[in-house]
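A structural walkthrough
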Amino acid sequence: MAGAASWSFNESDFKQIQTHLQAFLRDSNARCALLVDRNGQLVATVGETPQFDPTAFASLTAADFSANDQLAKMIGEAEFASLVHQGERESMYLADVAKRVILVVLFDQRATLGLVKLKAKGVVGELNKVFAEMFNRVGTGQAQQKGLLEGAEDEIDKLFG
Amino acid sequence: MSMINYASREINCKLVYYGPGLGGKTTNLEHIYGKVSPNTRGKMISLATETERTLFFDFLPVDLGTIRGFKTRFHLYTVPGQVYYNASRKLILKGVDGIVFVADSQIERMEANVESMQNLYDNMAEYGYDLTKIPFAIQYNKRDLPNAAPIKDLQASLNPGWPIEEAARQKPTPDPAHPGESLVDKVDGEWVGHAPYHEAVAVRGDGVFDTLKAVSKLVLKTLS
């Protein structure tokens, strides 16, 4: 596709991501961690199942992060690599992963912002490595995608009547 | 930038409805939201001003069906049409897989349409995307109004055609939606392509699904 590089991840990537995030949740006492791609698509959810619509949440997260990115540039910063939204009971911590994905951590009074930030730094480092590997495979990844719907023209036509 | 999740067997694609202010982008999404079964769509999110003008975007996820065992999930976004919201508009285009340009057919809005189309080309170019190479459809909305410009004039201003350079696409391609018209044709010895277009009255829902289906199909075909 012109201009836009697609990406995909497989079961083993998913398992690695889950393992890192589960360890992070245990260490930080946070409730839930979500990974959202910068275009607003939910990649993974680990921990307590959120009570909200995760798809809508993901699109708003991406918009929030992108808007803040632009604000950073306006004040002469290259980026805000992390953001905090603190509520009375529930809070969110957002951090950039590999410039393509956003880690969103949901936590309540059982966790402290300091601990979440500290532990998030570690898990972001681990996730950066996982994603760097995934993006390095981009050649094979794209080949996989190209083949995915190959020969499915009839099925596509049928879907749209 | 479509995202394929092999773990949950989903193909996620992003469609953006672009166009001048008050042209009917949000109305398109509202109609889709109202018509699609709640099982196959998510919640519609609107970041709008107090006067219901889009401030940042509207968002609606819809599942269009299953292909090869993969759920095809489309994330529909609108952008704010008003000229001064360009910074927000540009952000929404990031990673787009397909675009619907919703033009306002009223003669008085011709200039606003052209300005918005130019803005779309410019914003896409800043991301390094080429509008003539990605799935793109035009919807001429508000066809029921007495001051609607003729389609011929709208096409001449907004969809005049661009040169087709790839040899594979240099073949006469009839427009399936308009018998007798073509999407790719030879004009004065040069191959020229046009975006597919649809006429619509979005408030009544006319043409809304035709446009959505046309552009979604183009997006899925880029993966085949």
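From a predicted model like this one, the values you see are computed outputs, not experimental measurements.

1. Examining the interface of chain B and chain A
Counting from both sides, the interface comprises 38 residues of chain B and, opposite them, 36 residues of chain A. At the level of elements, strand S1 (3-5), strand S2 (10-18), strand S4 (54-67), helix H2 (86-93) and helix H5 (208-221) of chain B are the ones that each hand at least two residues to the side of chain B that touches chain A. Counting residues per element, the side of chain B that touches chain A draws most heavily on S4(B), at seven residues. Class assignment for the residues of the side of chain B that touches chain A results in 19 nonpolar, nine polar and 10 charged.

2. With respect to the sheet that holds strand S2 (residues 32-37) of chain A
Remark on secondary structure: sheet strands pair via backbone hydrogen bonds, oriented parallel or antiparallel. All names here are of chain A. Spatially, the five strands line up as an open sheet ordered S3-S2-S6-S5-S4, and their pairing is antiparallel. The open sheet is flanked by strand S3 (42-47) and strand S4 (82-86), the only strands paired with a single partner. Each adjacent strand pair in this sheet contributes to an overall mean axis angle of 15 degrees, direction not counted. Pairing analysis gives five bridges linking S2 to S3, with the strands arranged antiparallel.

3. Brief notes about the pairing of S2(A)
The buried count for S2(A) comes to five of six residues, which makes it a mostly enclosed element. The antiparallel hairpin formed by S2(A) and S3(A) contains four residues in its connecting segment, where A:Gly40 sits at a positive phi of about 95 degrees.

4. Points about the domain arrangement of chain B
Residue and element names in this part refer to chain B. Here chain B is described as being made up of domain 1 (3-159 + 195-221) and domain 2 (162-194). Each of domain 1 and domain 2 was reduced to a C-alpha centroid, and the two centroids are 23 Å apart. At the interface, five residues of domain 1 touch six residues of domain 2. Residues that form the side of domain 1 that touches domain 2 fall into these classes: two nonpolar, three polar and no charged.

5. Regarding the sheet that holds strand S8 (residues 162-163) of chain B
All names here are of chain B. Pairing within the open sheet is antiparallel, and its four strands lie in the order S8-S11-S10-S9. The sheet is open, and its two edges are formed by S8 and strand S9 (173-174), each paired on a single side. Bridge count for S9 against strand S10 (residues 182-187) is two bridges, and the pairing is antiparallel. Bridged to Thr173 within S10 is Val184.

6. Regarding the nonpolar core
Core analysis: the largest hydrophobic core is formed by 89 residues, its most contacted members being A:Val36, A:Leu103, A:Val104 and A:Val105. Sequence-distant contacts of A:Val36, defined by excluding residues within four places in its chain, comprise A:Gln41, A:Leu42, A:Val43, A:Ala58, A:Thr61, A:Ala62, A:Val101, A:Ile102 and A:Val104.

7. Structural notes on the environment of B:Lys186
All names here are of chain B. Within the secondary structure, Lys186 is located in strand S10. The partly exposed category is assigned to Lys186, around which 13 C-beta atoms lie within 10 Å. Linking Lys186 and Ile11, residues 175 residues apart in sequence, is a C-alpha distance of 36 Å.

Cut-off values and rules
Residues numbered from 1 in each chain as written. Chains lettered and ligands numbered in written order. Predicted model: local features only at pLDDT ≥ 70, side-chain atom pairs only at ≥ 80, totals over all residues. Contact = placed C-beta atoms within 7 Å. Helix = DSSP H or I, 4+ residues; strand = E, 2+ residues; numbered from the N terminus. Nonpolar A, V, L, I, M, F, W, Y, C, P; charged D, E, K, R; others polar. Pairing = 2+ DSSP bridges. Axes fitted to C-alpha atoms, helices over the stretch in contact; angles between N-to-C directions. Buried ≥ 20, exposed ≤ 12 C-beta atoms within 10 Å, placed from the backbone. Domains from an automatic or database assignment. Core = buried A, V, L, I, M, F, W, Y, C linked by C-beta atoms within 7 Å.

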